Amino acid sequence: MGDAASTDYQSLPSFKERLGARWHQLLSAIRGVPYLTSAFALAALAIFSWMTYRDGNNLLADTPEGWARRYQVAMFEASRTSLLRDFFHSHWNLGALLFLPALVLAMIRQRGRKFVLALTLATLAVLALWTFDEISTGWEAAHNSMMGEIPSPYAFYWKLALIATTFLSLPLMVWLYYRSTILDRYVVRSFVAPFLMCLLGIIAIMITMDLLNNANDFLKAGFSVAKVMEFYLRQVPQILVMITDAAVLLATLYTLSRMSRSNEIISMLGSGRSLIRILIPILALGAWATLVVMAMNYAWAPGAQSVKDEMLRQADTEGSKTRREKASTYNVMFRNQDEHRTWFLGKVPTSASAADLKIEFVAVLQDDGAGNFQKAWYARRGSWIPNERRWKLYEARIITAAALTSDTPVIEQFDKLMVEENWPETPWSILSGKVNPDFLSVPELTSYLRSSLTLEANKLARYETTLHGRFSLPFRCLLMVLIAAPLGIVTSRRGVLGGVAWSVALFVIVYFLFTIGLKLGEGGYIGPATGAWSVVTGFALIGIVLLWMKNYNRQLPSFNPLKWFK
């Protein structure tokens, strides 16, 4: 009886099996309801149309909101195009949320190529939402000078094209997956599972450590759960840029070493496939990871650090000095040698894109070139008007040399003063030496370099090297596949451990040399392009040679220095 009870107990399904069965039952029930997706889509369309019609009428009605907007159009402070753009910008997010349940249901209910169609529609909807939001918020800054810099519209166009390509690559990769053979699908599934586990695991560890470090600040500031989630969601692009190449390396090593131990690689080779043909799915995924990281490193990841510092400054109720200094630049001095004018700025926000830049304490001293004082402007606050390209001072005072030499000195005082002198200095030219290139996106770096052509080459080296690094760093994802693939495919347990150890060692070497190359380029010791691309290009050639030798069953060179002199 004991043996029978034990047998019956062992035959019971596990919790994982029961959960999987319930999940499949739920999916079957959802797929069995006819026209469910169409019903959700039509309902979302009806609600969105009604709310758009209602809110559109409110703009034309006799309400304070309608009066204010019509007054702006009448006074040419806002064109009808901008009015329409702002209206749909506020409703586009609502439309995306309303259609999201229908798109999710479509992806759940469909399989195979129909799933690709549903995923493509969902991707196009998200891409349209992002593109409209990006154009409405960034078009003006990309074409007009906001702080006196030379705008770089083509970098903005490339940003739109790159991120659009990244969005559309997701349904393309899924379509290629369904079009591939059974062996290719197996290799993809074997790689994706450990890759996602490594990626999510590292992200969770980094967020947990940062949360423990900043938890007291969040509690003091009264941050809600949604605010904390927003804080860390904004950091995800920067984290992905930092860790994706390591996740690709670990996933490649795990996948190929496991397939080697179970003799699956030998079986695939026996079926007539070459080693390169077996590795094509992993190489394609490595190239796709490179594309995704490049899109994030183009604009999103550089700004994540400044957003983090600003939110931490808001959370710090005690006003930490370090965070205050990160949020603003203090005691800025600038000398215009050509026009003999010296600027002193007390506190300048670090935001490099704000049109209404407010500067605390502005002092401008004019001399005759020989050090003799002529005129001075002092103001409690100042701002630069980009449309008129003029400075505006608040609570200002003007002192002249003649006023100082008279018996009764006269100091002119103004609550608001629009400076009549045609000063060529702009916030960009004054702050150009204080801008940290690590926090600038590719369009901002391009604009900086175009605006600073007169500076010396050694002063621009840091910015040029950072610009090249924005494009070279993502290729480390594909580089990790080229390095790990020939070292991860082995025929013995000892070889597996050795391949993994040398792959990790090469990753550390690549990371170290890549950082050294960037620092040498920033210091002007080597060219910016050389500092950013030399390590990636050199190790890519090494990986290609190792992969070629492994493909033709050549003996890989030993990495043990003791064997080199036998």
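The structure under discussion appears in the preceding block.
What you see is a predicted model; the values in this text were computed from it and never measured. (Residues numbered from 1 in each chain as written. Predicted model: local features only at pLDDT ≥ 70, side-chain atom pairs only at ≥ 80, totals over all residues. Heavy atoms only, no water.)

1. Overview of the overall build of the protein chain
Item 1. When helices and strands are tallied, the protein chain shows 20 helices and six strands.
Item 2. Across the 566 residues in the protein chain, those meeting the buried criterion constitute 39%.
Item 3. A sequence separation of at least 24 residues applies to 65% of the contacts in the protein chain between residues at least 6 apart.
Item 4. Accessible surface for the protein chain amounts to roughly 32,500 Å². Of this, 64% is attributable to carbon and sulfur atoms. (Helix = DSSP H or I, 4+ residues; strand = E, 2+ residues; numbered from the N terminus. Buried < 20%, exposed > 50% of the residue type's maximum accessible area, 1.4 Å probe, protein only. Contact = heavy atoms within 4.5 Å. Areas by Shrake-Rupley, 256 points an atom, 1.4 Å probe, with all protein chains shown as cover.)

2. Quick look at the environment of I30
Item 1. Mapped onto the secondary structure, I30 falls in helix 2 (residues 15-32).
Item 2. A sequence separation of 75 residues divides I30 from L105, and the C-alpha atoms of the two residues are 8.2 Å apart.
Item 3. Leaving out residues up to four positions away in the same chain, I30 has contacts with L36, L105, I108 and R109.

3. As for the pairing of strand 4 (residues 373-385)
Item 1. Examined bridge by bridge, strand 3 (residues 359-367) and strand 4 share eight bridges and lie antiparallel to one another. Within strand 4, the residue paired with A363 across the bridge is Y378.
Item 2. Counted along the chain from strand 3 to the antiparallel partner strand 4, the turn is five residues long, and its residue G369 has a positive phi close to 95°.
Item 3. Taken together, the 10 bridges between strand 4 and strand 5 (residues 390-400) define a ladder with antiparallel strand orientation. Along strand 5, the bridge assignment pairs G382 with L393. (Pairing = 2+ DSSP bridges.)

4. Digging into helix 17 (residues 457-472)
Item 1. Between its first and last C-alpha atoms helix 17 spans 21 Å; for 16 residues at 1.5 Å apiece the expected length is 22 Å, and the two agree.
Item 2. When helix 17 is considered as a whole, its buried residues turn out to be L460, A461, Y463, T465, T466, L467, G469, R470 and S472. (Expected span 1.5 Å × (residues − 1).)

5. A word on the nonpolar core
Item 1. Within the largest apolar cluster, 52 residues are counted, with the highest numbers of intra-cluster contacts made by V248, L279, M480 and I483.
Item 2. For this core, the element with the highest residue contribution is helix 10 (residues 236-261), accounting for 12 residues.
Item 3. Discounting chain neighbours no more than four positions away, the residues touching V248 are F191, F195, A289, C477, M480 and V481. (Core = buried A, V, L, I, M, F, W, Y, C linked by side-chain atoms within 4.5 Å.)

6. Topic: the packing of aromatic side chains
One pair of aromatic rings is described through two measures. These are the centre distance and the angle between the planes.
Item 1. Applying the stated criterion across every chain yields a total of 17 aromatic pairs.
Item 2. On the numbers, 4.8 Å between centres and 90° between planes, the contact of F231 with Y232 is edge-to-face. The burial state of F231 is the same as that of Y232; both residues are buried.
Item 3. Against the face of Y394 rests R381, its NZ or CZ located 4.5 Å from the ring centre.
Item 4. Directly above the ring of F514 sits R476, whose terminal nitrogen or CZ lies 5.0 Å from the centroid. (Phe/Tyr/Trp six-rings, centres within 6.5 Å; stacked < 30°, edge-to-face > 60°. Lys NZ or Arg CZ within 6 Å of the ring centre and 35° of its normal.)

7. Examining the packing of helix 8 (residues 182-221) against helix 9 (residues 225-233)
Helix-helix packing: each pair is described by the crossing angle between the helix axes and the interaxial distance.
Item 1. Where helix 8 contacts helix 9, the two axes come as close as 12 Å, and the packing angle between them is 135°. One way to sum up the angle between helix 8 and helix 9 is to call them oblique. Taken as a pair, helix 8 and helix 9 cross one another with a handedness that is right-handed. Contacts between helix 8 and helix 9 pair I207, D210, L211, N214 and F218 from the former with V228, F231 and Y232 from the latter.
Item 2. Here the residues of the contact of helix 8 with helix 9 sort into six nonpolar, one polar and one charged. (Axes fitted to C-alpha atoms, helices over the stretch in contact; angles between N-to-C directions. Parallel < 35°, antiparallel > 145°, perpendicular 65-115°, else oblique. Left-handed = near helix turned anticlockwise from the far one by under 90°. Nonpolar A, V, L, I, M, F, W, Y, C, P; charged D, E, K, R; others polar.)

8. Concerning helix 9
Item 1. Within helix 9, burial applies to V228, F231 and Y232. In a view along the axis of helix 9, the buried residues occupy a sector of 90°, so they form one face of it. Exposed residues pointing more than 90 degrees away from the buried face of helix 9 are listed as A226, M229 and L233. (Arc of directions from axis to C-beta.)

The quantities given are spatial measurements derived from coordinates; they are silent on function.
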